Amino acid sequence: MSQRSRSVRAAVWGFLVGGTSGVAFGLLLAPNEGRQLRRRAAYLLDRWASDLAGLVDRLDGADVPTDARQRADDIVSDARKQAESLLSEADALIMQARKGRSS
């Protein structure tokens, strides 16, 4: 991507973000009619925050493992079994080598 297209892209994003935030602040700081809008925005933000907190609590305290969690646990269990198998094979080879030396 050229420097010019990056500059144009940054300018467009800046204009969009600046315009959107300007309109939002204008509505929130408007004198009389804005008071009702500010109350509604505060109510919605409070409601969304409590909904999000409830969702986080439910996800954090969930006893039922998710499908991805179950697959990850299965992979870890399989890897442990394979590691134990490799360790026991290595131990057997070491024992054989020691027996071969001592005879």
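A quick note: this is a predicted structure, and the numbers were derived from the prediction, not measured.

Asker: I'd like a rundown of the overall build of the protein, residues and numbers included.
Answerer: Helix and strand counts for the protein stand at three helices and zero strands. Element order for the protein, N to C, with α for helix and β for strand: α-α-α. Relative to its full complement of 103 residues, the protein shows a buried share of 2%. Carbon and sulfur atoms make up 61% of the accessible area of the protein, which amounts to about 9,500 Å² in all.

Asker: Before we move on, could you go through a nonpolar patch on the surface and cite the residues and values that matter?
Answerer: A surface patch of nonpolar side chains, about 650 Å² in accessible area, is lined by Val8, Val12, Trp13, Phe15, Leu16 and Val17. Note on placement: Val8 falls in helix 1 (residues 3-28). Overall, Val8 belongs to the partly exposed group, its relative accessible area being 46%.

Asker: With reference to specific residues and values, describe the confidence of the model for the protein.
Answerer: When the pLDDT values of the protein are averaged, the result is 76; 82% of them are 70 or greater. Of all the helices and strands in the protein, helix 2 (residues 33-60) carries the lowest mean pLDDT, 75, while helix 3 (residues 67-102) carries the highest, 82.

What counts, and at which threshold
- Per chain, residue numbering runs from 1 following the sequence as it is written.
- Two thresholds apply to this predicted model, a pLDDT of at least 70 for residue-level local features and 80 or more for giving and counting side-chain atom pairs, whereas whole-chain, interface and lining totals are computed over all residues.
- The basis for every side-chain value is the complete set of heavy atoms in the structure, and neither hydrogens nor water enter the calculation.
- The numbering of helices and of strands both runs from the N terminus, where a helix is a DSSP run of H or I of at least 4 residues and a strand a run of E of at least 2.
- Relative accessible area decides the class of each residue, using a 1.4 Å probe on protein chains only: under 20% of the type maximum gives buried, over 50% gives exposed, and in between gives partly exposed.
- Here the open area of atoms and residues is found with the Shrake-Rupley method and a 1.4 Å probe, where only the protein chains shown may cover a residue.
- Patches were defined on residues exceeding 30% relative accessible area and lacking a salt bridge, with like-charge contacts within 9 Å and nonpolar side-chain contacts (Val, Leu, Ile, Met, Phe, Trp, Tyr) within 5 Å.
- The salt bridge definition used is simple: a Lys or Arg side-chain nitrogen within 4 Å of an Asp or Glu carboxyl oxygen.
- In predicted models, pLDDT denotes the confidence assigned by the predictor to each residue on a 0 to 100 scale.

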